[in-house]
Amino acid sequence: MKNLIHLYFLACLFFFSSHMYGQQTTLMTYNIRFDNPNDGENTWEKRKSSLADLIGHYQPDILGIQEGLFHQVEFIKDQLPNYAYIGVGRDDGKTKGEYSAVYYDSTKFDLITHKTFWLSESPHRVSVGWDAAMERICTYGALRSKVSNDTLHVFNAHFDHVGSEARKMSAQVILSKIEELGLKGKRIVVMGDFNAGPGSDPIKVFRKELDSGFELVKKELEGPPGTFNAFDKNHPLTEPIDFIFTKHLEIVDYRHIGDMRPDGHFISDHFPVFGEVKF
């Protein structure tokens, strides 16, 4: 009986502490590079175990990936059994093409709702927008904390690498979707590979409505200054193109992760961005 009372006391203490001092949640965005058989020493088969190890080491509560093909998305899920994911392939809205999947620790969050929309003039259907080279998507999920019962609204996207107008308008599509869903006063995370640097038009669009972890973190940025390495150790890492933005959340940590494979090769052609927020 004493043990039961003790356990009850600890449970109550944890519950009230999370409400008094706020719950902290870790986030990661990571372009994992699609499974390209022409990547030589950097093929998926040579990288995938290191990628799973990296995610398992940092254990983000919520992870957004870009470029994952269906078998890559499933591999990550199989290697990290606490995680569930949402998302579809961009080519057909099912399993064909690259995903912008959102993984979440299912021991910490419940999924309330989710959807994928296309970054185009017709976001409700498979489509290519403006001057983009191909279909681009954003995956949205509402995730409720099992501890605090608070909800995070997470958007994960991959912007086009060619079309500058498409990148700018894609940022506007996401902000419009936030308004359409009635989320402007809610806790929001927008993350992804935006193929654009800090001073670019799409990032300026986001900064009008969202908070940039890259700018607001209260310490010197850890890790490499840039996030795209091109699988080339001589590639200049001058600025990031992968970001985490938030709204109505306190950003307590933000960094770029420069971890490498044991053989000294890159894990992906992008470095992941890791953040921690309090709400």
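Here the structure is a predicted model, which is why all the values come from computation and not from measurement.

Points about the sheet that holds strand S7 (residues 151–158)
Note on sheets: strands pair through backbone hydrogen bonds, and any given pair is parallel or antiparallel. Across the sheet, 6 strands lie side by side as S5-S6-S7-S8-S10-S9; this open sheet has mixed pairing. The sheet is open, and its two edges are formed by strand S5 (109–118) and strand S9 (211–212), each paired on a single side. In terms of strand pairing, S9 meets strand S10 (residues 242–247) through 2 bridges, oriented antiparallel. The residue bridging Ser212 from the neighbouring strand is Phe245, located in S10. Strands strand S8 (188–193) and S10 of the sheet are contacted by helix H5 (residues 201–209), whose axis makes an angle of about 20° with S10.

Overview of the sheet that holds strand S2 (residues 62–66)
In space, the 6 strands of this open sheet follow the order S3-S4-S2-S1-S12-S11, with mixed pairing throughout. Each end of this open sheet is capped by a strand with a single partner; those strands are strand S3 (83–86) and strand S11 (250–256). Pairs of neighbouring strands in the sheet enclose a mean axial angle of 20°, with direction left out of account. Packed onto the sheet, helix H2 (residues 44–58) meets strand S1 (24–31), S2, S11 and strand S12 (273–278) and runs at close to 165° relative to S1. With respect to the sheet, helix H3 (residues 70–79) is in contact with S2, S3 and strand S4 (102–105), its orientation differing from that of S3 by roughly 155°.

Digging into the pattern of salt bridges
This model, assessed by the stated rule, comprises 18 salt bridges. Two residues, Asp269 and Arg33, come together in a salt bridge whose shortest N-O distance is 3.8 Å. A residue pair is termed long-range when its members are at least 10 positions apart, and Asp269 in the loop between S11 and S12 and Arg33 in the loop between S1 and H2 qualify at 236 residues. Linking Lys77 and Glu74 is a salt bridge whose minimum nitrogen-to-oxygen distance equals 4.0 Å. With Lys77 and Glu74 both in helix H3 and 3 residues apart, this pair spans about one turn of that helix.

Digging into empty space enclosed by the protein
Picture a little ball the size of a water molecule; that probe, rolled over the atoms, points out where space is still empty. Scanning all chains against the criterion turns up 1 cavity of 30 Å³ or more. Approximately 50 Å³ is the volume found for the largest cavity. In terms of lining residues, the largest cavity is bounded by Glu67, Arg90, Glu98, Tyr99, Ser100, Glu135, Arg136, Ile137 and His158. Per-class residue counts for the lining of the largest cavity are 2 nonpolar, 2 polar and 5 charged.

Re the nonpolar core
Across soluble globular proteins, you tend to see nonpolar side chains buried next to one another. Ranked by internal contacts, the top residues of the largest apolar core, which has 43 residues, are Ile62, Phe155, Ile174, Val190, Phe194 and Phe206. In terms of residue count, the dominant contributor to this core is helix H4 (residues 164–180) (5 residues). Beyond its immediate stretch of four places on either side in the chain, Phe206 contacts Phe159, Ala171, Ile174, Leu175, Val190, Phe194 and Phe245. Met28, Trp44, Leu51 and Ile257 belong to the second largest nonpolar core, which has 22 residues in total.

So, how was this worked out
Residues numbered from 1 in each chain as written. Predicted model: local features only at pLDDT ≥ 70, side-chain atom pairs only at ≥ 80, totals over all residues. Heavy atoms only, no water. Pairing = 2+ DSSP bridges. Helix = DSSP H or I, 4+ residues; strand = E, 2+ residues; numbered from the N terminus. Contact = heavy atoms within 4.5 Å. Axes fitted to C-alpha atoms, helices over the stretch in contact; angles between N-to-C directions. Salt bridge = Lys/Arg side-chain N within 4 Å of Asp/Glu carboxyl O. 1 Å grid on protein atoms, 1.4 Å probe; cavity = no way out; pocket = protein on both sides within 12 Å on 5 of 7 lines; lining within 4 Å. Points joined across faces, edges and corners; volume = space filled by probe spheres on them. Nonpolar A, V, L, I, M, F, W, Y, C, P; charged D, E, K, R; others polar. Core = buried A, V, L, I, M, F, W, Y, C linked by side-chain atoms within 4.5 Å. Buried < 20%, exposed > 50% of the residue type's maximum accessible area, 1.4 Å probe, protein only.

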